Each structure stands twice: as C-alpha cells, then as structure tokens.
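Coordinate analysis (summary)
Take a look at the letters that make up each chain.
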Amino acid sequence: MTIEVTHTHGERFAVRAGGVELLSYVYRPDPDPFESRKPYVHPLRTLGGRLVSGYRPNDHRWHKGLQMTASHLSGQNFWGGNCYVHGEGYRRLPERVGSMRHDGFPAVEASGERFELAEDLTWVENGGAEWARERRGLAVHAVDAAAGAWALDWSIRLTNIRDEPLHFGSPTTAGREMAGYTGLQWRGPRDFTGGAVFGPGAEEGAERLMGTQGPWLAFTAEHDDVDERSTLVFAHAPENLDASSAVHESHWFVRSEPIPTVAFSWAFFEEFALAPGESFAYRYRVLVADGAWDRERVAAHLAGLPW
C-alpha cells in the first residue's frame, strides 16, 4: 500500500495510505503556553479510518495525541498544565511550564513504502533560557493491508546545553504514588476509556501493569458509532531495556480509567541527571491496528518488524 505525504509548510505533515489519513504531525505549536507548546501527532488513525488519538480532552487540555513530554525537569514542566507539588497537590504554575521549539527538518524522505523525517528542536524553559537540543526522528512504515496494521517509529536524542545538570523526574519522584508519567505519551480518544491492557506476560489490566517493565504493551478498545475495535501496541527498541546502554530504566505509565493513556516513562520511580554536554537516546515503536488483537498476534507481528 503506497504512502502519500502532504506538507503544509510551517504547520504539519499529513501521511495517507489507502485513502485514509493515518496521521498528522503538527510542528506549529498550539498557542496556549500553559499547554506546553510543542509538536504532536493528531489525528492518529488505523488503516480502516478509526480514530485512535484524543486531542485537548476536557479533563486535560494539554493532552494532544502522541507527544514527547517531560513532566518534571529541573523544576520546569514540559508536559503542560498543572504542576504537582508535594504536600500541595496539583497547582496552576504557568511560570514553570516550558516549551519545545521547532528549529527545522534536516532530513525528509518519502519512498512510497516509507516516510521519515529528522527534526531539530530546542527545549526552552519558561523564562526563555535554552536548556536542551533534541534530534527527533519519525518514520511511518510497514503498512500492511492484509494485517490491517502500520507502524510509527519515534526516536529522541537529547543533549543538555546548560552549564549544570538537567534532573528528570515525575510526579512519583516528587512524592505522588504510582503517577510516574513522563516521556513519550499517548492519549486515547474518549471511547477508549475502559479498554483492555496487556503485555507479553500473564498479567493484564492497566492497574496491574502500571509501573511495570516490559518490551511492549498493548491497548485495545471498542469504538463508539461503529461496531469496530482497534489495538495500539507500544514497543521499546531493544537497547531501551538494556541496562548497559540505556541512560535510565523505563517503566510503563498506563491508565484505562478514568482516562485512556500510555507513556514510556523514563523516570517513573527515580530521578536521573543528565550532565552538561551529555546526551541520551531512546527509540520507540507504535503499532496501529484494526481489530482486537490478542497477545499471540501482537507478539508474532512485532517479531516480523525488525528494528
């Protein structure tokens, strides 16, 4: 199935296949600085045209499809919205909300079977100081009409450009139990609330898998309006889980209720520091599929998608 790409310069890339817009990567940020202005993917759709991302839901206006975040970073919030302060709960502290500035696309390639881009960004704290440089990569590939699935790869390489360490944490490292959200985050549409969550092991359910580790996590739900189900699979590149190469071990942040969301959390239980001039890198994969896939089908399909 051929991939088609439309670039609205200064705003977004739209990627289509089989007459369906699979995703839109919006690099012109939304205007409200309290929502942490940064690029995001929305809408995100299956090959069958089913919407599998949420945008500015009324419970968290700063949740926008699929986006890179950092909820607690040296006292700043690159997630958006209220900041968690231990002993005080969530507070509206707009002076702590940073942003990610789009600086350019050093590479954009489309072959018909694959679309990929490299993007340069700068992480800017609320007062205007530049804290980090990011090289981001996105790739749409493995569009498989027979399987009813396609894959999005997302990579990050982040370099500290301050003259002091950057400290990465989460609400859990700040004192809130089992709320370790940070890193690449997906927000599902409202009808994904209450969906089924499972990984490669025997345990299933968002509550049981919250804060656990594993190579992949699947989220499947039934849509409103149509008698259809969809499945999203969130997968780590092998080096992410390699203690000898990963900058910090990752854990799943996942909720099915009261909201549907998954994050590849790089600082769930413990903070880590990035020294001046140092970098870290992660690679992720999101598989978007029509239908309610089971554990065996997910594992088999992922095994057929080399990194």
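Please refer to the structure higher up on the page.
Quick look at the structure, then. (Residues numbered from 1 in each chain as written. Predicted model: local features only at pLDDT ≥ 70, side-chain atom pairs only at ≥ 80, totals over all residues. Heavy atoms only, no water.)

Regarding the sheet that holds strand β16 (residues 216–222)
- Read from one edge of the open sheet, eight strands run β9-β10-β11-β12-β21-β17-β16-β15, paired in antiparallel fashion. Of all strands in the sheet, those with a lone pairing partner are β9 (99–110) and β15 (196–198), marking the two edges. Neighbour-to-neighbour, the strand axes of the sheet open up by a mean angle of 15 degrees, direction not taken into account.
- Relative to strand β12 (residues 149–160), strand β11 (residues 130–144) runs antiparallel, the two being bridged by 11 bridges. The residue of β12 that forms the bridge with R135 is R157.
- The strands that helix α2 (residues 295–303) touches are β11, β12, β15, β16, β17 (229–236) and β21 (279–290); relative to β16, the one it contacts most, it runs at about 130 degrees. (Pairing = 2+ DSSP bridges. Helix = DSSP H or I, 4+ residues; strand = E, 2+ residues; numbered from the N terminus. Axes fitted to C-alpha atoms, helices over the stretch in contact; angles between N-to-C directions. Contact = heavy atoms within 4.5 Å.)

Quick word on the packing of aromatic side chains
- Overall, the coordinates contain 29 aromatic pairs when judged by the stated rule.
- With 5.4 Å between their ring centres and 45 degrees between their planes, W186 and F234 make a pair best called tilted. Of this pair, W186 sits in strand β14 (residues 183–187) while F234 sits in strand β17; the two residues are 48 residues apart in sequence, bridging distant segments of the chain.
- Cluster of aromatic residues (ring-pair linked, three or more members): F168, W186, F192, F219, F234, W252, F264, W266, F272, F280, Y282 and Y284.
- For the cation-ring pair, R162 lies above W131, with the distance from its terminal atom to the ring centre recorded as 4.0 Å.
- We note R285 situated over the ring of W307; from NZ or CZ to the ring centre the distance is 3.9 Å. (Phe/Tyr/Trp six-rings, centres within 6.5 Å; stacked < 30°, edge-to-face > 60°. Lys NZ or Arg CZ within 6 Å of the ring centre and 35° of its normal.)

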